[in-house]
Amino acid sequence: MSSAHSFDALLQYFTLIAPSTSNQQYNADSMGGIMDSKDLKNMVPQPKLYKRPPYTVEVPGAKKIDGETIPRRNVRTKDELKVTPDPETKTVFDILKRSSAKFGNAKALGKRRLIKMHEEVKKVKKVVDGKEQEQDKKWTFFELSGYEYMSFIEYEQMALKVGCGYRALGMKSPDRVHLFAATHPYWLATAHGASSQSMPIVTAYDTLGEEGLKHSLQQTHAKAIFLDPHLITKLIKPLNEAKDIQHVVYNDDDAPTSKADPEKVQADIKQLKEAHPHLTVHSFSELLKLGEENMVEPTPPSPDDLCCIMYTSGSTGSPKGVLLSHKNVLAAIAGVDVIVGPYLGPGDGLLTYLPLAHILEFVFESATIYWGGTMGYGNPRTISDASVRNCRGDIAEFKPTILVGVPAVWETVKKGIMAKVGKLSVIQRNMFWGAYNAKNFLMANSAYMPLSGFGTSVLDSVVFKKIQEATGGKLRICMNGGGPIAKETQRFISMTIAPMISGYGLTETAAMGALTDPLSWTDTALGEIPGSVEVKLVDFADAGYFSTNSPPQGEIWIRGASIVKGYLNLEKETKEAFTDDGWFKTGDIGEFDQFGQLRIIDRKKNLVKMAHGEYIALEKLESVYRSCPLVGNICVIADQSKNKPAAIVVPVEAALKSLAEKSGIKGHGVEDLCHKDEMSAAVLKEMQAAGKNGGLSGIEMIEGVVLSDEEWTPQNGLVTSAQKLNRKGLMEKYKSQIDKVYGGK
């Protein structure tokens, strides 16, 4: 009997059992047993409900205001919102001191050394000016060392020396240090070192152009800048107008994907100093030595002092400098701690590779230090085994227990697994999908199936173990942030690897908005409200979102100690986004489900009224279509004069070639196939099927596809450094193809 038939028989058997309770409202005693019998910090949860709802409640004593819902809070902080994770820890500098004293010689941060770069050249066919040409394409692979760690004590000493190094250069509070570099232990040490001397940091993505860099330097008047060596000459033009920078410190540690040429670095420094003779230029190692030789006492910040000016990614306009105080950051850690703190501690490992200039990564890394977890620094290009040689990728080498990613990362992981499953024999494929369906069934009905736990452990160890080993074999929790993920993808990762929880927040809220409790797993909502904020929904009448709808809907407003005071030097924008009584207007449209969990419907700016007068939500459509195996990246476009949307798609090469073969379409690789009308038509058909499976309505079905043979990267400006779409840039780049798609209708 095939696995599929076995699963059908299993389903028929269990439908004979009359459930005494639903999965959503199971007996609270089961949760009590788990809490009593297990150490939550060692628990490996399954993607199901352990805890009984509701997870949020209306604020006691709050009055209903017309056009708004009553504000809601986490049920655990309904009477008083959290401001700090504990009474003694009130600033980022306090976290540094506490972790050193409490966790001592335990591993704090780890990084890898680049041993060697391997280059391979392959011939590819490309269409240039309508003619097919064969060109050489160079592929680079990386050979890395294992992880080398520093302890919490060693890390504190490094940060203190950094702070003293800047003091030795003549800086003092409230001088500012600008960070213009990739995620690295020295980035965090610079941030914490600056805070030890009450010097705020300024963060900007390392992919920022010269104009954006000049803007942030002029606005913030930073006196020092920490950057990666290849960015040294990028300072020359901005410093012609941004005159405040006195000191340049460059990271002299080899990056995981590039070895700095000492001669080139010195030549770049010479070029910079010739243009700006007043500058002092030091390597990070020299700054540490300078600090060690000139140690001074810390200048501890107060909670209300400025901690960081963090620039938004600029996905909805020019980047804005958000003023984050120490109180804001600590309240964010306190809010997260309420929900996931009980499960995380010194035994956990977080793989860190997302940009530290993004609020989610900055808060989560700071929280991991607070919890005593170990961080292993990776790089997006070396995460998997596919891009390395003679070593394991970062995930397999570090073996994290927590992995935070953005939707694009998770879609890549899912499609990689699907590609491998597709190469299995028919029997093996049936076994995989039979096990997948069986686990879904067991999780959905675990409330009244006493052997569901045993059944899932068998499926995990027999069928899904190989997949879990590819991610290190120790993952307990995956987390998605930075944008909406397809429900199908979240469920797939949760069933085959580890439960995926969701996080939602903005720079202005210090990443606070919603977060899933690992023991209240769901793929229909983002989760509950963190313990440091409260949330209400305000009517957005134009699109029919009202607080009186069932369920209640509206623009999400957030208030609490993690909400910033406003934007740097932008009084008008601050007044528009922040109310006098402390609410931040997110611009996101949301709704509360029956358990008080928050769902995001879309952004106000991404709701488009089509020719028939109905609105479509671009991000919602993108999350559904992204689950199609052919889609590597997608931007849904909507012409208001048309009845239906279209899409620009970066296809997955292997899937595109497979579809071309099945459809009898001849071509030589992605570059060739993307320019064939019959290929676009075949992809459109597959995507429409994915849209139908995802529950999209007729007006949400795309009617045309533009295939892109170019990846969208921050370097080419088609996505931001936070991997958010640059919709305007994409529309401009593919204007003629979009016109062609719509022109034929």
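Preceding this paragraph is the structure being described.
Throughout what follows, the structure given in this document is the object of discussion. No experiment lies behind these values; they were computed from the predicted model shown.

1. Concerning the sheet that holds strand β7 (residues 177–180)
Pairing is mixed in the open sheet, where 7 strands are placed in the order β11-β10-β9-β7-β8-β12-β13. Two strands in the sheet have a free side with no partner beyond their single neighbour: β11 (280–283) and β13 (321–325). Each adjacent strand pair in this sheet contributes to an overall mean axis angle of 20°, direction not counted.

2. A look at the pattern of salt bridges
Enumeration according to the criterion identifies 36 salt bridges in this entry. For D517, the salt bridge is made with R76, and the minimal N-O distance between the two is 3.3 Å. With D517 in the loop between β19 (514–515) and β20 (533–538) and R76 in the loop between β2 (72–74) and α3 (92–103), this residue pair connects regions lying 441 residues apart in the sequence. Using a relative accessible area of 1% as the deciding quantity, one classes D517 as buried. We classify R76 as partly exposed; its relative accessible area is 35%. Put simply, K97 and D94 hold a salt bridge, and the shortest N to O gap is 3.6 Å. Remark: D94 and K97 occur in helix α3; sequence separation between them is 3 residues, near one turn of the helix. Classification of K97 by relative accessible area gives partly exposed; the value is 37%. Each of K51, R76, D517 and E528 takes part in a single network of salt bridges with overlapping partners.

3. Considering the nonpolar core
Among the nonpolar cores identified, the biggest contains 127 residues, and Y166, W187, F226, F284 and V340 are the most heavily contacted of them. With 9 residues, helix α10 (residues 359–371) is the single largest residue contributor to this core. Each of domain 1 (56–79 + 532–605) and domain 2 (92–377) accounts for three or more of the residues forming this core. Other than its neighbours up to four places away in sequence, W187 contacts L179, A181, A182, I201, T203, F226, L356, A357 and F362. Counting 32 residues, the second largest nonpolar core, distinct from the first, contains L656, L659, L673 and M679.

4. Re the packing of α3 against helix α4 (residues 152–168)
The angle between the axes and the distance between the axes are what describe a pair of packed helices. Between α3 and α4, the shortest axis-to-axis distance is 8 Å and the interhelical angle comes to 145°. The element α3 and its partner α4 pack so that their crossing is left-handed. Taken together, the residues of α4 that come into contact with α3 (itself represented by F93, L96, K97, S99, S100 and F103) are F152, I153, Y155, E156, A159 and L160. In terms of residue class, the contact of α3 with α4 is made up of 8 nonpolar, 2 polar and 2 charged.

5. Description of empty space enclosed by the protein
Picture a little ball the size of a water molecule; that probe, rolled over the atoms, points out where space is still empty. Within this structure, the stated rule accounts for 1 cavity of 30 Å³ or more. Here the largest cavity defines a volume of roughly 40 Å³. Taken together, V340, L344, F364, I402, I477, M479 and I501 form the lining of the largest cavity. Grouping the constituent residues of the lining of the largest cavity by class yields 7 nonpolar, no polar and no charged.

About the criteria used
Residues numbered from 1 in each chain as written. Predicted model: local features only at pLDDT ≥ 70, side-chain atom pairs only at ≥ 80, totals over all residues. Heavy atoms only, no water. Pairing = 2+ DSSP bridges. Helix = DSSP H or I, 4+ residues; strand = E, 2+ residues; numbered from the N terminus. Axes fitted to C-alpha atoms, helices over the stretch in contact; angles between N-to-C directions. Salt bridge = Lys/Arg side-chain N within 4 Å of Asp/Glu carboxyl O. Buried < 20%, exposed > 50% of the residue type's maximum accessible area, 1.4 Å probe, protein only. Core = buried A, V, L, I, M, F, W, Y, C linked by side-chain atoms within 4.5 Å. Domains from an automatic or database assignment. Contact = heavy atoms within 4.5 Å. Left-handed = near helix turned anticlockwise from the far one by under 90°. Nonpolar A, V, L, I, M, F, W, Y, C, P; charged D, E, K, R; others polar. 1 Å grid on protein atoms, 1.4 Å probe; cavity = no way out; pocket = protein on both sides within 12 Å on 5 of 7 lines; lining within 4 Å. Points joined across faces, edges and corners; volume = space filled by probe spheres on them.

In short, shape yes, function no, at least from these values alone.
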